[in-house]
Amino acid sequence: MGKQVWKAVTAGGAAAAFVALAAVPAGAAEGGVSFTRVRVNGGKPIVIGVSKEVAVPASFRMTTSHRWKWPAVFLFRRTADDRLWHAIETSDCVRVSTVACDFQETMYFDPSVWDMRNSEAGARTVGAEVSFDGGGGDVDDKGLTAYVKRNSRLTVNASPEPVSRGRTLTVTGKVTRADWQSRKYVSYGDRRVSLQFKPAGSSSYTTVKKVNANGSGALRTTVTASTTGSWRWVYYGNTTTGRSASSGDKVVVN
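Now for a quick tour of the structure. Note that the structure is a prediction, hence the values are computed from the model and not measured.

### Regarding the environment of Ser-247
Okay, so step 1: Assignment of secondary structure puts Ser-247 in the loop between strand E17 (244-245) and strand E18 (249-251).
Okay, so step 2: Since its relative accessible area comes to 54%, Ser-247 is described here as exposed.
Okay, so step 3: Sequence separation between Ser-247 and Val-156 is 91 residues; the distance between their C-alpha atoms is 7.1 Å.
Okay, so step 4: Look past the residues within four positions of Ser-247 in its chain and what remains in contact with it is Val-156, Trp-231 and Arg-232.

### A look at the packing of aromatic side chains
Each aromatic ring pair is summarised here by two numbers: the centre-to-centre distance and the angle between the ring planes.
Okay, so step 1: Throughout the structure, instances matching the rule amount to six aromatic pairs.
Okay, so step 2: When the centroid spacing of 5.5 Å and the interplanar angle of 85° are considered together, the rings of Trp-68 and Phe-103 count as edge-to-face. Residue Trp-68 is found in strand E4 (residues 68-76), and its partner Phe-103 is found in strand E7 (residues 100-109); the two are separated by 35 residues along the sequence.
Okay, so step 3: Between Phe-197 and Trp-231 the ring centres are 4.4 Å apart and the planes differ by 40°, which places this aromatic pair in the tilted class. Placement of Phe-197 in strand E13 (residues 192-199) and of Trp-231 in strand E16 (residues 229-235) is noted, with a sequence separation of 34 residues between them. Grouping residues by exposure puts Phe-197 and Trp-231 together as buried.
Okay, so step 4: Linked through ring pairs, Phe-35, Phe-60, Trp-68 and Phe-103 together constitute an aromatic cluster.
Okay, so step 5: Lying over the aromatic face of Phe-74, Arg-83 brings its terminal NZ or CZ to 3.7 Å of the ring centre.
Okay, so step 6: Positioned over the ring face of Tyr-185 is Arg-153, at 3.8 Å from the centre of the ring.

### Comments concerning the state of the cysteines
Okay, so step 1: Applying the stated rule across the entire model yields one disulfide.
Okay, so step 2: Each disulfide pairs two cysteine sulfurs, and for Cys-93 the partner residue is Cys-101, the sulfurs being separated by 2.0 Å. Here the S-S torsion is close to -75°, and the disulfide linking Cys-93 with Cys-101 is therefore left-handed.
Okay, so step 3: With relative accessibility at 27%, the residue Cys-93 sits in the partly exposed group.
Okay, so step 4: Look at Cys-101 and you get buried, because its relative accessible area is 1%.

The rules behind these values
Residues numbered from 1 in each chain as written. Predicted model: local features only at pLDDT ≥ 70, side-chain atom pairs only at ≥ 80, totals over all residues. Heavy atoms only, no water. Helix = DSSP H or I, 4+ residues; strand = E, 2+ residues; numbered from the N terminus. Buried < 20%, exposed > 50% of the residue type's maximum accessible area, 1.4 Å probe, protein only. Contact = heavy atoms within 4.5 Å. Phe/Tyr/Trp six-rings, centres within 6.5 Å; stacked < 30°, edge-to-face > 60°. Lys NZ or Arg CZ within 6 Å of the ring centre and 35° of its normal. Disulfide = S-S within 2.5 Å.

Right, here's the structure in full:
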């Protein structure tokens, strides 16, 4: 069952309006409207945690000779009704011709206010829509994919601190990710995670080895201490979960 979508569409301080168009025909210029130059979040994944609102920038060009209102792009799966619950703000028309306007848009996702299911993470199709003065409208599937992901987190601890050169250093940590339904971070087990090291005075980390987290998300490995520097874990994410890196834990080697 698709969700009802609340779109708070404002233009130049206008009052919020509510609109929901149902069908999503593929192709451009269906219904006498063409949507082009569609971009969502600069092509990057949309990563959402459990408590903070995420503002996602979007932009598009709309070309039509119809008298229109409330243009927007949105994310859906099977139909236009199967959308994430979000609010949208759309700018005024920046006219580029007598029939074409450029728009800037912001989609807002707030898991602390709106119910989100973990199953909603993953690939989403980008759609575009507009309503016409007097009734009717146009909804297009733009053939673009946007990934909506659950945020992940990593912790790190390297010990002993300090450590003698040539001795064994144990690095531990844990992988967790956002559970949108409980609004908490929960263990994310069986992940492949990179252990990285940055020598003192350096500006970049280098991968030392890859380690599998256990079923509870716990990480543990050993390395030989050779020089002072910082250790961290990096998880590169997947189609439903965002990338994350722990803070660096500096260890002095004597």
